[in-house]
Every structure is written in structure tokens, then in C-alpha cells.
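Given next are the chains, with one letter for each unit.
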Amino acid sequence: MQKLKKKIARAVEYLHGKKIVHGDIKPNNVLIDGEGTAVLTDFGLSRLLPNYSVEIFIDYGTKGYLAPEADGNSRVNPYKVDMYALGVTFWHMLFKQKPRPDTEFLRQVQEANLSPSLKHLLECLLQTDPSLRSSASQVIEFEAAAAVTAAAAVVVVVVVLVVVVIVSVVVVVVVVVVVEVVVIVVVVVGVVVVRVVVVVVVVVVVVVVVVVVRVVVVVVVVVVVVVVVRVEKVEVVVEEVIVVVILVVAVI
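Rules and cut-offs
- Residues numbered from 1 in each chain as written.
- Predicted model: local features only at pLDDT ≥ 70, side-chain atom pairs only at ≥ 80, totals over all residues.
- Heavy atoms only, no water.
- Salt bridge = Lys/Arg side-chain N within 4 Å of Asp/Glu carboxyl O.
- Helix = DSSP H or I, 4+ residues; strand = E, 2+ residues; numbered from the N terminus.
- Buried < 20%, exposed > 50% of the residue type's maximum accessible area, 1.4 Å probe, protein only.
- UniProt positions renumbered as here; feature names shortened; annotations may be inferred.
- Phe/Tyr/Trp six-rings, centres within 6.5 Å; stacked < 30°, edge-to-face > 60°.
- Lys, Arg positive; Asp, Glu negative; His and termini not counted.
- Contact = heavy atoms within 4.5 Å.
- Axes fitted to C-alpha atoms, helices over the stretch in contact; angles between N-to-C directions.
- Parallel < 35°, antiparallel > 145°, perpendicular 65-115°, else oblique.
- Left-handed = near helix turned anticlockwise from the far one by under 90°.
- Nonpolar A, V, L, I, M, F, W, Y, C, P; charged D, E, K, R; others polar.

(A) Here's a closer look at the pattern of salt bridges. This structure, assessed with the given rule, holds four salt bridges. Here Lys26 and Asp24 are joined by a salt bridge, their closest N and O atoms 3.7 Å apart. Note that Glu69 is salt-bridged to Arg133, the shortest N-O span being 2.8 Å. Taken together, the residues span a long stretch of sequence, with Glu69 in the loop between strand S5 (56-57) and strand S6 (75-76) and Arg133 in the loop between helix H4 (116-125) and helix H5 (136-232) at a distance of 64 residues. Of the two residues, Glu69 and Arg133, both sit in the buried class. The network of salt bridges with common partners includes Glu104, Arg107 and Glu111.

(B) Broad picture of the UniProt feature "transmembrane region" (unreviewed entry) in the protein. The feature "transmembrane region" (unreviewed entry), as given by UniProt, occupies residues 142-166, 172-194, 201-228 and 234-251 in the numbering adopted here. With 100% helix and 0% strand, the stretch residues 142-166 has end C-alpha atoms that lie 36 Å from each other. Between the C-alpha atoms that bound residues 201-228 the distance is 40 Å, and the span itself is 100% helix and 0% strand.

(C) Highlighting the packing of aromatic side chains. Per the stated rule, a full pass over the model turns up four aromatic pairs. Here the aromatic rings of Tyr52 and Tyr79 are separated by 5.2 Å at their centres, their planes lie at 50°, and the arrangement is tilted. Taken together, the residues Tyr52 in the loop between strand S4 (47-48) and S5 and Tyr79 in helix H2 (residues 78-95) connect sequence positions 27 residues apart. Relative accessible area serves as the criterion here: at 42%, Tyr52 is assigned to the partly exposed category.

(D) Local environment of the side chain of Lys119. One can find Lys119 in helix H4. One buried charged residue, Lys119, forms no salt bridge at all, with the nearest opposite charge on Glu123 at 5.9 Å. Ignoring any residue separated from it by four or fewer positions in sequence, one finds Lys119 in contact with Val109, Gln110, Ala112 and Leu114.

(E) Fine view of unusual backbone geometry. For Lys19, which is not glycine, the phi torsion reads 65° and is therefore positive. Checked against the element boundaries, Lys19 lands in the loop between helix H1 (2-17) and strand S1 (20-21). At Asp42, a position not held by glycine, the phi torsion is positive, near 60°. Note that Asp42 resides in the loop between strand S3 (38-40) and S4. Relative accessible area serves as the criterion here: at 39%, Asp42 is assigned to the partly exposed category.

(F) Structural detail: the packing of H1 against H2. H2 packs onto H1 with a crossing angle of 170° between their chain directions and a minimal axis gap of 11 Å. For the element pair H1 / H2, the angle class is roughly antiparallel. Where H1 crosses over H2, the handedness of that crossing is right-handed. Only Tyr79, Asp82, Met83, Leu86, Phe90 and Met93 of H2 make contact with H1, whose side of the interface consists of Leu4, Lys5, Ile8, Ala9, Val12 and His16. Classifying every residue of the contact of H1 with H2 by side-chain character gives nine nonpolar, one polar and two charged.

Given below as C-alpha cells:
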């Protein structure tokens, strides 16, 4: 649709540039070749005019595509009539409808969900006041501006996507680094804690072993002393036994 509009508009611009008006622009007079090139045909009503401000009586053309001022009762600018017919042709291509005498083109265009550039173009072509209607060269300028706007929009989208990707990568890298740091800290703290726990356990075990050994030695000494006393029938006092035990404990 976009390419066809541009090619048809260029064909009309070429004719008007040669001071030729077509006189019957409509979809039936636009042929599309195998390469998608639009060809404007049927020049039976076309005229070569002396200038762009000339006004003539127009009582020909296809109903529905004729401009409101072309009623055959007054002189009108045929270039403006061509542009109105071009607008109705674009409308027909867009809405897939045939124009009727009661069709409100502007209202339908304004209510339709169209891009701002396309809506503006159709509004400029379908003006009922011919003085407000765009020329063929202005249509080409609209198309060029729309193309630039579309290209700029694409560039903006690409830039935004690139920025989003870069930010996402940075965020991922930062998260990975933070996670790695946390893991390292946890590992280091874990190692330190494990070492401390091991040292404490070893110390406790050593202390327990020492205490147990001392107790065992004391018990053994006491048992030996008691056995010796009984076997040898040696009379000893309790104080002497205690002294012996204390000496043994002190030694170990």
C-alpha cells in the first residue's frame, strides 16, 4: 500500500509537472505490473493546460471520485480536482470500499485507526475546499517526510533495544560478581569457622583426655596403695595415702 501510493503520487506529480491533468484518476485506471510498479492509464480525458492557475468547467469524470466543486456549473482548478480524485483512490485502496455520493471521507478517515502521517495525507487530499487541498509535489514531500519519520522511529527502536541489551548485560555481570563475592565470603567465613570449631574440639578432647588420664592414674595409684597396704598389712594413716595421691597427681 505504501509503495503503491508513492508510485501513483509520483505519476500524478510527473503529469502535473508537464502541465497535464489526468481528469479521471481512480483505481480502475491504475495498473500494477509484474514488478509491482503502478502505471496510470486511460488518458482519454486528460488535458494539456497553459499554467497551474487556470480554471475550467469540468463536467466529466467518474462519480464518487469527482471533487465537490466539479459540478460543471463553475470554473475550477483541474489540478485540484485531480488531487481530490487521488485522495479518493487512496481511500478506496485503504478501506476496500467504493465511494458513494453520501460517503463522508474526512469523518471516516478521522475515525479510522491510521498512522498520523497517512491520516494527515488523506485529510489534505480530501478537503472539500480546493484551496486547502495538497498538490502532487506536497504529497511526495509528505511521503518523504513519513519515510524519514519511519526510519527515525526504527533507529530509535534499535537504539532503545541496544541500550536495554547493554543494561541487561551490565546488570547480569554485576549480579554474577556480587554472587561470586558473596560465595567467596561465605566460603572464607565457613573455613574460618570450621577451623575454629576444629581447634575448640581438639582442645576440648585434649583436656578431656588429660582429665581422664589423671583420674585413671589417681584411681590406679589408690588401688595400688590399698592393695599394697592390705597385702603387706602395713598400717598407714589416711593422711599418708592422701599425700601419696597428691604427689602422683602433681607429677602427671
